[in-house]
Amino acid sequence: MLIDNHGRTINYLRLAVTDRCNLRCNYCMPSEGIDFAKNDNLLTIDELIKVSRILVDQGIDKIRITGGEPFVRKDVMVLLRELSKMPRLNDISVTTNATLIGPHIDELKELGIKNVNVSLDSINRETFERITRRKQFDTVHNNLIRLITEGFNVRINFIVLEGQNEQDIIPILDVMKHYEVSVRFLEEMPFNGGSKNFGFIKWNYHAIIEHIRKTYPDFKKLESPKTSTSINYQIEGHKGTFGVIPSFSRTFCGSCNRLRVTATGDVITCLYGKPKANLRDILRETKSGESVSNTIIDVIGKRAKTGFEAQKEHAKTVFNNSMTSIGG
Ligand code: SAM
Ligand code: SF4
């Protein structure tokens, strides 16, 4: 079992399989001039499988595949097939923009991969295209409905962006009330490749909740797992639920069970901190699984207590990194 220096059990790996993406969401990356990693610097599929096996042996029982857009990577299904054979893995999940998942839906179902998070920040075509800077609205909509109707456990990630999509908060709840999905509203974080530096966000947890309360005064709070980052609610008469993720306010650090590995093998022990080691270099230099597991034990033994503490590792308050390299 992996336990950090603050007594928190680490059992959840967020594994980014690529830093590339076919969308250009404006809260995630700049429209152009992005410094993507060279192909040689990305973990190969064999390395991703190896790292996953080592971490599962150490006690990871949940892996979320993320990116960049995971399905941009042509061989991502090879990894998912291998993960689905690991008996100690209780939960394999995917976070996707739902543009390229269509051809893989049947196989995901066969592999028993049920948890799919879909990023969708607007139900209005124009707003969607303005935010993502691409024309993929119909594909995303069709794949989302297909995932829901095929019985996947779908959660929608909706980042509330000042001046961009706040008018869609209520409409997305109205549309989704007919479906068993969870709509999770996320606070925006300053990771879009470096142009943002905010000490304050308008759409924080309280503002989102109060906005929803004006239309739906009687929602009730739901019990959530201790390690959940979302605070979840149910509106009467709605099939699904909604949640708010205070990703900027960071009220969930006390129960954080996560470890992140980026597509280039960087180990991130806190989203707001700096990478602590590089597993690709260790694997390629030493060819030793033991060196990888020792590194993991070492970095987990030195974790920052909170995101605010980790943030001090950065010299300035502007984060140059983009979510596309970290994986969310
Ligand atoms: N491409 C996939 C997707 O969009 O779902 C997976 C990668 S994306 C980086 C993972 C998650 O990070 C998405 O839910 C996205 O909305 C979220 N994200 C990206 N930039 C963010 C930001 N600046 N603040 C908060 N969440 C962000
Ligand atoms: Fe791509 Fe996901 Fe970032 Fe949007 S949030 S640009 S879909 S990686």
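In case you missed it, the structure is sitting above this.
All values reported here derive from a predicted model rather than from experimental measurement.

Next up on the list: the site of ligand 1. Every one of the 19 residues lining ligand 1 counts as a neighbour, but Y27, G68, S119, M189 and M323 are closest to it. A distance of 3.3 Å separates an oxygen atom of ligand 1 from a polar backbone atom of T96. The separation between a nitrogen atom of ligand 1 and a polar main-chain atom of M189 is 2.8 Å. Expressed as a share of its isolated accessible area of 550 Å², the protein-covered part of ligand 1 is 96%. Breaking the shell around ligand 1 down by element, the ones donating at least two residues are strand 5 (91-96) and strand 7 (153-160). Residues belonging to the shell around ligand 1 are distributed by class as follows: six nonpolar, ten polar and three charged.

Our focus in this paragraph is helix 2 (residues 76-84). Those residues of helix 2 that sit buried are V76, M77, L79, L80, E82 and L83. On its buried side, helix 2 packs onto strand 3 (12-16), helix 1 (45-58), strand 4 (62-66), strand 5 and helix 3 (105-110).

In this approach a probe as big as a water molecule rolls over the atoms, and the regions it shows empty are the leftover space. A complete count under the given rule lists one cavity of 30 Å³ or more for this structure. There is about 70 Å³ of room inside the largest cavity. Taken together, L173, M176, K177, V181, V183, Y233, Q234, I235, H238, G240, T241 and F242 make up the full set of residues lining the largest cavity. When its residues are assigned to classes, the lining of the largest cavity shows seven nonpolar, four polar and one charged.

Tracing the chain through its elements places R258 in strand 12 (residues 258-261). Overall, the relative accessible area of 13% leaves R258 in the buried class. With 84 residues separating them in the primary sequence, R258 and D174 have C-alpha atoms 32 Å apart. Non-local contacts of R258, meaning those with residues more than four positions away in its chain, are made with I10, Y12, R14, T229, T269 and R303.

Right, let's talk about the packing of aromatic side chains for a bit. Counted by the stated rule, this structure contains six aromatic pairs. With a centroid separation of 5.5 Å and an interplanar angle of 70°, the aromatic rings of F128 and F137 are classed as edge-to-face. Taking the relative accessible area as the measure of exposure, F137 reaches 13% and is therefore buried. Ring geometry for Y233 versus F242: centroids 5.2 Å apart, planes at 20°, classification stacked. Three or more aromatic residues joined by ring pairs make a cluster, and in this case those are F158, F185, F219, Y233 and F242. Sitting over the ring of Y12, K62 keeps its end group 4.3 Å from the ring centre.

Let us look at the side chain of S182. Tracing the backbone shows S182 in strand 8 (residues 182-187). What makes S182 buried here is its relative accessible area of 11%. The contact partners of S182, leaving out residues within four places of it in the chain, are V154, R155, I156 and T241.

Attention shifts here to the pattern of salt bridges. Tallied over the full model, the rule gives 20 salt bridges. Note that D4 and R8 form a salt bridge whose closest N and O atoms lie 2.7 Å from each other. When sorted by exposure, D4 lands in the same class as R8, which is buried. The closest approach of N and O atoms between E150 and R146, which form a salt bridge, is 3.5 Å. Given the relative accessible area of 26%, E150 is considered partly exposed. Residue R146 is classed as partly exposed on the basis of its relative accessible area, which comes to 28%. What emerges from the salt-bridge pattern is a single network uniting D106, K109, R146 and E150.

Conventions and cut-offs
- Sequence order as written defines the numbering, with residues in each chain counted from 1.
- Starting at A for chains and at 1 for ligands, labels are handed out in the order in which the entities are written.
- Under the rules for a predicted model, residues below a pLDDT of 70 receive no local features and side-chain atom pairs below 80 are neither given nor counted, while totals for whole chains, interfaces and linings still include all residues.
- Each side-chain value is worked out from all heavy atoms of the structure, with water and hydrogens disregarded.
- Any residue with a non-hydrogen atom lying within 4 Å of a molecule or strand is treated as near it.
- In protein, a polar contact means a hydrogen-donor-capable atom and an acceptor-capable atom, both N or O and within 3.5 Å, with residues adjacent in sequence counting only if both atoms are side-chain atoms; elsewhere, any N or O pair within 3.5 Å suffices.
- For accessible areas, the Shrake-Rupley method is used with a probe of radius 1.4 Å. Any residue's cover is judged against the shown protein chains and nothing else.
- Helix and strand assignments come from DSSP, with helices taken as H or I runs of at least 4 residues and strands as E runs of at least 2, each series counted from the N terminus.
- Three classes are used, and their members are as follows: Ala, Val, Leu, Ile, Met, Phe, Trp, Tyr, Cys and Pro are nonpolar, Asp, Glu, Lys and Arg are charged, and the others, Gly among them, are polar.
- Any residue under 20% of the maximum accessible area for its type is buried, any over 50% is exposed, and the rest in between are partly exposed; the area is computed with a 1.4 Å probe on protein chains only.
- Only heavy atoms enter the contact rule, under which two residues are in contact if any of them lie within 4.5 Å.
- As defined here, a cavity is a set of points on a 1 Å grid over the protein atoms alone where a 1.4 Å probe fits but cannot get out. A pocket is an open set with protein on both sides within 12 Å along at least five of seven lines, and residues line them when an atom is within 4 Å of a point.
- Grid points are joined across faces, edges and corners, and a volume is the space filled by probe spheres set on the points.
- Aromatic pairing here means that ring centres of Phe, Tyr or Trp (its six-membered ring) are within 6.5 Å. Orientation follows from the plane angle: under 30 degrees is stacked, over 60 is edge-to-face, and everything else is tilted.
- Both a distance and an angle decide whether a charge sits over a ring: NZ of Lys or CZ of Arg must be within 6 Å of the ring centre and within 35 degrees of the ring normal.
- By definition here, a salt bridge exists when the distance from a side-chain nitrogen of Lys or Arg to a carboxyl oxygen of Asp or Glu is within 4 Å.

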